[in-house]
Amino acid sequence: MLDGFLALYIFMLAAFTGYEIIARVPVILHTPLMSGSNFIHGIVLVGAMIALGHARTPFEMGIGFVGVLLGAGNAAGGYVVTERMLEMFKSSKPGKGNGEAK
């Protein structure tokens, strides 16, 4: 019982700390942080695949499959959002620094 409360305490502390850190990030750093978080989502996906590989019961396999599915969607969605954010910084005028011919 004590282990459950300790895990809950650590989770709540990590969530609060993460929120406070992210809330204080300047706007100019959000795009680089998104790229870093996409890397972390990839690691989460690999962990979910490893957990699914060690699953023995159908319940464990179902939970593992959902974890892999959500992790893959999260990683792919992060890259899509980052790409859209980077598109906002590109020049809309032809031939003005975006590599197009004049």
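Residues numbered from 1 in each chain as written. Predicted model: local features only at pLDDT ≥ 70, side-chain atom pairs only at ≥ 80, totals over all residues. Heavy atoms only, no water.

An unreviewed UniProt entry annotates the protein chain as proton-translocating NAD(P)(+) transhydrogenase originating from Dyella caseinilytica. What the UniProt record of the protein chain gives under Catalytic activity (unreviewed entry) is the line "NAD(+) + NADPH + H(+)(in) = NADH + NADP(+) + H(+)(out)". The UniProt entry for the protein chain carries the following comment under Subcellular location (unreviewed entry): "Cell inner membrane". (UniProt positions renumbered as here; feature names shortened; annotations may be inferred.)

Caption draft 1: Broad picture of the overall build of the protein chain. When its secondary structure is counted, the protein chain shows three helices and zero strands. Each helix (α) and strand (β) of the protein chain, taken in turn from the N terminus, gives the series α-α-α. Counting only residues that meet the buried cut, the protein chain has 14% of its 102 residues in that class. In the protein chain, the share of contacts with a sequence separation of at least 24, taken over all contacts with a separation of at least 6, comes to 58%. (Helix = DSSP H or I, 4+ residues; strand = E, 2+ residues; numbered from the N terminus. Buried < 20%, exposed > 50% of the residue type's maximum accessible area, 1.4 Å probe, protein only. Contact = heavy atoms within 4.5 Å.)

Caption draft 2: Main features of the UniProt feature "transmembrane region" (unreviewed entry) in the protein chain. Feature annotation in UniProt places "transmembrane region" (unreviewed entry) on residues 6–27, 39–55 and 61–81, given in this structure's numbering. As annotated, residues 39–55 has a helix share of 88% and a strand share of 0%, and its two end C-alpha atoms lie 25 Å apart. The distance from the first to the last C-alpha atom of residues 61–81 is 30 Å, and the span holds 100% helix and 0% strand.

Caption draft 3: Structural context of a nonpolar patch on the surface. Together, Ile21, Ile22, Ile28, Leu29 and Leu33 make up an exposed nonpolar region whose accessible area comes to about 500 Å². Relative to the assigned elements, Ile21 resides in helix H1 (residues 2–23). Assessed through its relative accessible area of 52%, Ile21 is described here as exposed. (Patch = residues over 30% accessible without salt bridge, like charges linked within 9 Å, V, L, I, M, F, W, Y side chains within 5 Å. Areas by Shrake-Rupley, 256 points an atom, 1.4 Å probe, with all protein chains shown as cover. Salt bridge = Lys/Arg side-chain N within 4 Å of Asp/Glu carboxyl O.)

Caption draft 4: Quick peek at helix H3 (residues 58–88). The end-to-end C-alpha distance of H3, which contains 31 residues, comes to 45 Å, matching closely the 45 Å that a straight helix rising 1.5 Å per residue would cover. All buried positions along H3 are accounted for by Gly64, Val68, Gly71, Ala75, Gly78, Thr82 and Met85. (Expected span 1.5 Å × (residues − 1).)

Caption draft 5: View of the environment of Phe39. Here Phe39 lies in helix H2 (residues 30–53). A relative accessible area of 56% means that Phe39 is categorised as exposed. Sequence separation between Phe39 and Gly78 is 39 residues, and the spatial gap between their C-alpha atoms is 9.4 Å.

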